[in-house]
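Here is what each chain is made of, one letter per residue.
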Amino acid sequence: MNASSTYKFLSQVKEEHGLPLFGVQFNWSQGNTDFFATVGSNRATVYKCNDDGSIAPTQAYSDTDPEENFYTCAWSYDTETGEGLLAIGGLKGIIRILGTSTASCRASYSGHGNAVNELKVHPSDPRLLLSASKDHALRLWNLKTSVCIAVLGGAEGHRDEVLGADFSFHGDKILSCGMDHALKVWEMNDDKLSKAIKDSFEYQRSLKKSFPTVSIHFPSFSTRDVHRNYVDCVRWFGFLALSKSCEDCVVLWKPPEKEADIQKPTVLHRLEINHCDIWFIRFAVDYRQKLLALGTTNGKIALWDLTVDEPSKMRSHTLSHHRCTSVIRQVCFNKDASVLVAVCDNGTVWRWDKREKK
């Protein structure tokens, strides 16, 4: 694959605040939509990818606190009405749930004792939201009943900021990473957690009793052997895992089987990249897990083909534009990977489209 001929630059816009955009996500939860959201400063903006190659804002939300700084967003939807929901979180540790029909805040979740660094929606149940925080813990929320189901952390949890997390494809496992250099696997089918999830759907606020949030102290697997620095981004890749630290590489590795005698990860390959030695730069894997994209500190995007038969054959190709020179904080594919969007430290949003095969 020659990525430089696979994707072509089409358009870019700059948000008027001109401040870093830390997050971008396409709305995968409602099919292959043309809509994506960006977050940065105290703003969340929803854009539409137009057929003419342009990107146009359709909605914007500004938090009432001018000192808020949003770092992450995740899409879901109301299972009863079909309304799109956008969860956003950041510096203040409060998670806002926005209804896209009105661009207004439907709910606010407080619980984390510090900033929210990443949000993820469960792949098969859009009512479950996962948050990773600077307070060393992850929390699982019920979007339907607005309760905190569980706190993942404590005795054997992270020892520093949790920077990233991801659900496995079937949603039965959570992978988390943080400033403590650690990677941890948590089981969603843990008996205590499974019961709490079930109970959360039956909870009624009219009873005026707070929901009994459970604490999960023990992950099923934990390692500090993959990276030697902050780990700021993780994604499941089938039964394997991809993780990134500020060491100019993404590592492909295999967690041990649950029943394995030796609980050590197996490192399979390192995807080397230049100009990616600062933390809080997030890579993206497309929905079909065929491509991986990662921005750099000098405004370029590295693209890997993940469909090769041997990991050692993975080669990166570069997307670049002479006017894109700022740090790219996050990239995201739409659901069929026909569009790739990147957001930068200078408040710019860049659109690349896949070229049609002749």
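Provided above is the structure to which this section pertains.
This one's a predicted model, so the numbers in the text were calculated from it and none came from an experiment.

Quick look at the packing of aromatic side chains now. According to the stated counting rule, one finds 14 aromatic pairs in the structure shown. Here F36 and Y47 contribute two aromatic rings whose centre-to-centre distance is 5.2 Å and whose plane-to-plane angle is 15 degrees, an arrangement assigned as stacked. In this pair, F36 is assigned in strand β3 (residues 35–40) and Y47 in strand β4 (residues 43–49), connecting sequence segments 11 residues apart. Y47 sits in the buried class, given a relative accessible area of 3%. On the numbers, 5.9 Å between centres and 80 degrees between planes, the contact of W279 with F280 is edge-to-face. Given a relative accessible area of 7%, F280 falls into the buried group. Sitting above the plane of the F280 ring, R282 keeps its charged end 4.1 Å from the centroid.

On to the sheet that holds strand β10 (residues 116–121). The strands making up a sheet are joined through hydrogen bonds of the backbone, oriented either antiparallel or parallel. Taken in spatial order, the 5 strands line up as β10-β11-β12-β13-β17 in an open sheet, and their pairing is mixed. In the strand order of this sheet, the two ends are held by β10 and β17 (214–216), each with one partner. Averaged over all pairs of adjacent strands, the angle between strand axes in this sheet comes to 25 degrees, irrespective of strand direction. Bridge count for strand β13 (residues 147–152) against β17 is 3 bridges, and the pairing is parallel. Directly across from L152, in β17, lies its bridge partner I216. The strands touched by helix α2 (residues 191–202) are β11 (128–133), β12 (138–142), β13 and β17; relative to β13, the strand with the most contacts, the crossing angle is about 170 degrees.

Our next topic: the pattern of salt bridges. The full count for this structure, using the stated rule, is 19 salt bridges. For the salt bridge of D199 with K195, the shortest nitrogen-to-oxygen distance reads 2.7 Å. Here K195 and D199 lie together in helix α2, a separation of 4 residues that amounts to about one turn. Note on K195: relative accessible area 52%, which makes it exposed.

Right, let's get into unusual backbone geometry. For S41, which is not a glycine, the phi torsion comes out positive at approximately 55 degrees. Its location among the elements puts S41 in the loop between β3 and β4. On the basis of relative accessible area, S41 is assigned to the buried category, the value being 12%. Although it is not a glycine, F280 adopts a positive phi angle of roughly 70 degrees. Along the chain, F280 falls in the loop between β22 (266–272) and β23 (284–285).

Okay, the side chain of E68 next. Looking at the element boundaries, E68 is found in the loop between β5 (55–62) and β6 (70–77). The buried charged residue E68 lacks any salt bridge, with R96 as its nearest oppositely charged partner at 5.4 Å. Beyond its immediate sequence surroundings of up to four residues, E68 is in contact with S41, N42, D63, G90, L91, K92 and I94.

A few words on the sheet that holds strand β19 (residues 231–237). Here we have 4 strands laid out as an open sheet, ordered β19-β20-β21-β22, and antiparallel in their pairing. Every other strand in the sheet has two partners, leaving β19 and β22 as the edge strands with one partner each. Averaged over all adjacent pairs, the angle separating strand axes in this sheet is 20 degrees, with direction ignored. In this sheet, strand β21 (residues 249–254) lies alongside strand β20 (residues 240–245) in antiparallel orientation, the contact comprising 5 bridges. Bridging across to β21, K244 finds its partner in V250.

β10 sits mainly inside the fold: 6 of its 6 residues count as buried. One ladder, built from 5 bridges, connects β10 with β11; its direction is antiparallel. Within β11, the residue paired with K120 across the bridge is L130. Connecting β10 to the next strand, β11, in antiparallel fashion are 6 residues.

A word on the nonpolar core. Among the nonpolar cores identified, the biggest contains 22 residues, and L138, L140, I149, M188 and L193 are the most heavily contacted of them. Of all elements in the fold, only β11, β12, β13, β14 (162–167), α2 and β17 reach the threshold of two or more residues within this core. Setting aside chain neighbours within four positions, we find L140 in contact with L128, L129, L130, V147, C148, I149, A150, F167, M188, L193 and I197. If you look at the next biggest cluster of nonpolar residues, it comprises 18 residues, including C233, V285, L292 and V327.

Rules behind the numbers
- Residues numbered from 1 in each chain as written.
- Predicted model: local features only at pLDDT ≥ 70, side-chain atom pairs only at ≥ 80, totals over all residues.
- Heavy atoms only, no water.
- Phe/Tyr/Trp six-rings, centres within 6.5 Å; stacked < 30°, edge-to-face > 60°.
- Helix = DSSP H or I, 4+ residues; strand = E, 2+ residues; numbered from the N terminus.
- Buried < 20%, exposed > 50% of the residue type's maximum accessible area, 1.4 Å probe, protein only.
- Lys NZ or Arg CZ within 6 Å of the ring centre and 35° of its normal.
- Pairing = 2+ DSSP bridges.
- Axes fitted to C-alpha atoms, helices over the stretch in contact; angles between N-to-C directions.
- Contact = heavy atoms within 4.5 Å.
- Salt bridge = Lys/Arg side-chain N within 4 Å of Asp/Glu carboxyl O.
- Lys, Arg positive; Asp, Glu negative; His and termini not counted.
- Core = buried A, V, L, I, M, F, W, Y, C linked by side-chain atoms within 4.5 Å.

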